[in-house]
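Next come the chains, spelled out residue by residue.
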Amino acid sequence: MKSEPPTPRFAAEVLVTWFRKEGRELPWREPDVSPWHILVSEIMLQQTPVSRVAPVWQQWVTRWPLPSTMAAESPATVVRAWGKLGYPRRALRLHDCARTLAEEFDDQVPSDIDVLLTLPGVGAYTARAVACFAYGQSVPVVDTNVRRVIARAVHGQAEPGNPSTNRDLRDAAALIPEIDGDIFSAALMELGAVTCTARNPDCARCPLPHCAWVAAGRPPYEGPPRKTQGFAGTDRQVRGRIMDVLRTASGPVDRSRIDAAWLTDTTQRDRALLSLLTDGLVEQTMDGQFALVGEGES
DNA sequence: GAAACGTGGAC
DNA sequence: TGTCCAAGTTT
């Protein structure tokens, strides 16, 4: 007899059960982790792998137990503690966020998605991740993993097309069960992170009772080539070099130290430095030296 | 919607 | 060795 695809409800129960048994024991998933610390983990995890986030997050939890304790620090201190997680503007925004929470939210992280969205560095993903993981709300949480799982299991495509927040949220919302919706959202992400991965999806271990992509014979991705972002020789690399000099230094440095960080193209070097000043990551001191913003404040 | 934005591990 | 990829947000 012909077997129908299982109902979404059935698939959801299977996935929730799988997650409870197989889900990774990540430090921010431990009981009694505060919403503030979950928010910190989510910001750090934006485009940065779990393995690199974990040790830094552990230090931050101990060092800054409340938004107000972080807000009391200079931006330079926070950016330096951010280390080499990448995209240091995130550290700056998180510091801003801490200040906002301390001053306007009584040191508490709001639970309402629309309020969360007003916080610096908090976008469509992070707002829902906090609502779901910190407050147990049954809401769709769409990251790159979820988009990939839905592309495969639901749409039968090897890879998702270009992101579309509204469409992606609708897709994910349609799958959420009435019971354990928060666990389900976490499970969907986890499946994409550990099993339904970008490179070598481990279909043999997939708990889903039905996958449209597998049913179609795992056809290769058909669609416009996705834009790959280079790095070597870009302004981003130069910014990274300059930030590394400033993070490593204990205080303001001479212009010559900045210049030594990128010798091949002085125009590009100047442009990168200017962009760091514009971003508010770097500042120039009265005597013409350069430093992480707020260096010497606290 | 496109482009910019770090860093390092894996293949 | 070079490309791909990682719990996205902002402009």
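Being a predicted model, the structure only gives us computed values, none of them experimental.

**Student:** An account of the overall build of chain A is needed here, citing residue identities and associated values.
**Tutor:** Along its length, chain A carries 15 helices and 2 strands. Projected onto its principal axes, the C-alpha coordinates of chain A cover approximately 80 × 45 × 30 Å. Restricting to contacts in chain A with at least 6 residues of sequence separation, those with at least 24 account for 63%. Entry remark: accessible area of chain A is about 15700 Å², with carbon and sulfur atoms responsible for 52%. Charge centroids of chain A, computed over 33 positive and 36 negative side chains, lie 8 Å from each other.

**Student:** Let's hear about unusual backbone geometry: which residues, and what values?
**Tutor:** With phi around 70 degrees, Gln47 is a residue other than glycine that occupies positive phi space. Mapped onto the secondary structure, Gln47 falls in the loop between α2 (35-44) and α3 (50-63). On the basis of relative accessibility, which here comes to 66%, the residue Gln47 falls in the exposed class.

**Student:** So, the packing of α3 against helix α5 (residues 75-82): which residues are in play, and what are the values?
**Tutor:** Relative to each other, α3 and α5 sit at 145 degrees, their axes nearing to 10 Å. When α3 is examined against α5, the residues Val56, Trp60 and Arg63 are found in contact with a partner set consisting of Thr77, Val78, Ala81 and Trp82.

**Student:** Break down helix α15 (residues 266-279) for me, with residues and values.
**Tutor:** Compared with an ideal rise of 1.5 Å per residue, which puts 14 residues at 20 Å, α15 spans 20 Å between its outermost C-alpha atoms and is within 8% of the ideal. Residues Gln268, Arg269, Ala272, Leu273 and Leu276 constitute the buried set of α15. Projection of α15 onto a plane perpendicular to its axis shows the buried side chains occupying an angular sector of 135 degrees, all on one side. Residues of α15 that are exposed and point more than 90 degrees away from the buried face comprise Thr267, Leu274 and Thr278.

**Student:** Any chance you could break down the side chain of Arg90 for me, citing the residues and the numbers?
**Tutor:** Tracing the backbone through its elements, the reader meets Arg90 in helix α6 (residues 89-104). As a buried residue without a salt bridge, Arg90 has its nearest oppositely charged side chain in Glu42, at a separation of 9.6 Å. A distance of 2.9 Å separates the side chain of Arg90 from the side chain of Thr48, its partner in a polar contact. Here Gly86 takes part through its backbone oxygen, which lies 2.7 Å from a polar atom of the side chain of Arg90.

**Student:** Provide a residue-level description of the protein's contact with DNA strand C, including the pertinent values.
**Tutor:** Close to DNA strand C lie 27 residues, the nearest being Trp28, Leu45, Gly121, Gly123 and Arg199. Near the protein, meaning within 4 Å, the atoms of DNA strand C are sugar or phosphate in a fraction of 65%, with bases accounting for the rest. In the model, a base nitrogen of DNA strand C is placed 3.5 Å from a nitrogen or oxygen of the Arg24 side chain. For DNA strand C, a phosphate oxygen lies 3.2 Å from a polar atom in the backbone of Tyr125. Elements with a minimum of two residues in the surface near DNA strand C: α8 (124-134), α9 (144-153) and α11 (181-194). Its residues assigned to classes, the surface near DNA strand C shows 11 nonpolar, 8 polar and 8 charged.

**Student:** Describe the packing of α2 against α8, with residues and values.
**Tutor:** Packing of α2 against α8 brings their axes to within 10 Å, and their N-to-C directions diverge by 140 degrees. Between α2 and α8 lies a crossing of right-handed hand. Between α2 and α8, the contacting residues are Pro35, Ile38, Leu39, Glu42 and Ile43 on the first element and Tyr125, Thr126, Ala129, Val130, Phe133 and Ala134 on the second. Its residues assigned to classes, the contact of α2 with α8 shows 9 nonpolar, 1 polar and 1 charged.

How each quantity is defined
Residues numbered from 1 in each chain as written. Chains lettered and ligands numbered in written order. Predicted model: local features only at pLDDT ≥ 70, side-chain atom pairs only at ≥ 80, totals over all residues. Heavy atoms only, no water. Helix = DSSP H or I, 4+ residues; strand = E, 2+ residues; numbered from the N terminus. Contact = heavy atoms within 4.5 Å. Areas by Shrake-Rupley, 256 points an atom, 1.4 Å probe, with all protein chains shown as cover. Lys, Arg positive; Asp, Glu negative; His and termini not counted. Charge placed at Lys NZ, Arg CZ, Asp CG, Glu CD. Buried < 20%, exposed > 50% of the residue type's maximum accessible area, 1.4 Å probe, protein only. Axes fitted to C-alpha atoms, helices over the stretch in contact; angles between N-to-C directions. Expected span 1.5 Å × (residues − 1). Arc of directions from axis to C-beta. Salt bridge = Lys/Arg side-chain N within 4 Å of Asp/Glu carboxyl O. Polar contact = N/O pair within 3.5 Å; in protein donor to acceptor, adjacent residues only side chain to side chain. Near = heavy atom within 4 Å. Nonpolar A, V, L, I, M, F, W, Y, C, P; charged D, E, K, R; others polar. Left-handed = near helix turned anticlockwise from the far one by under 90°.

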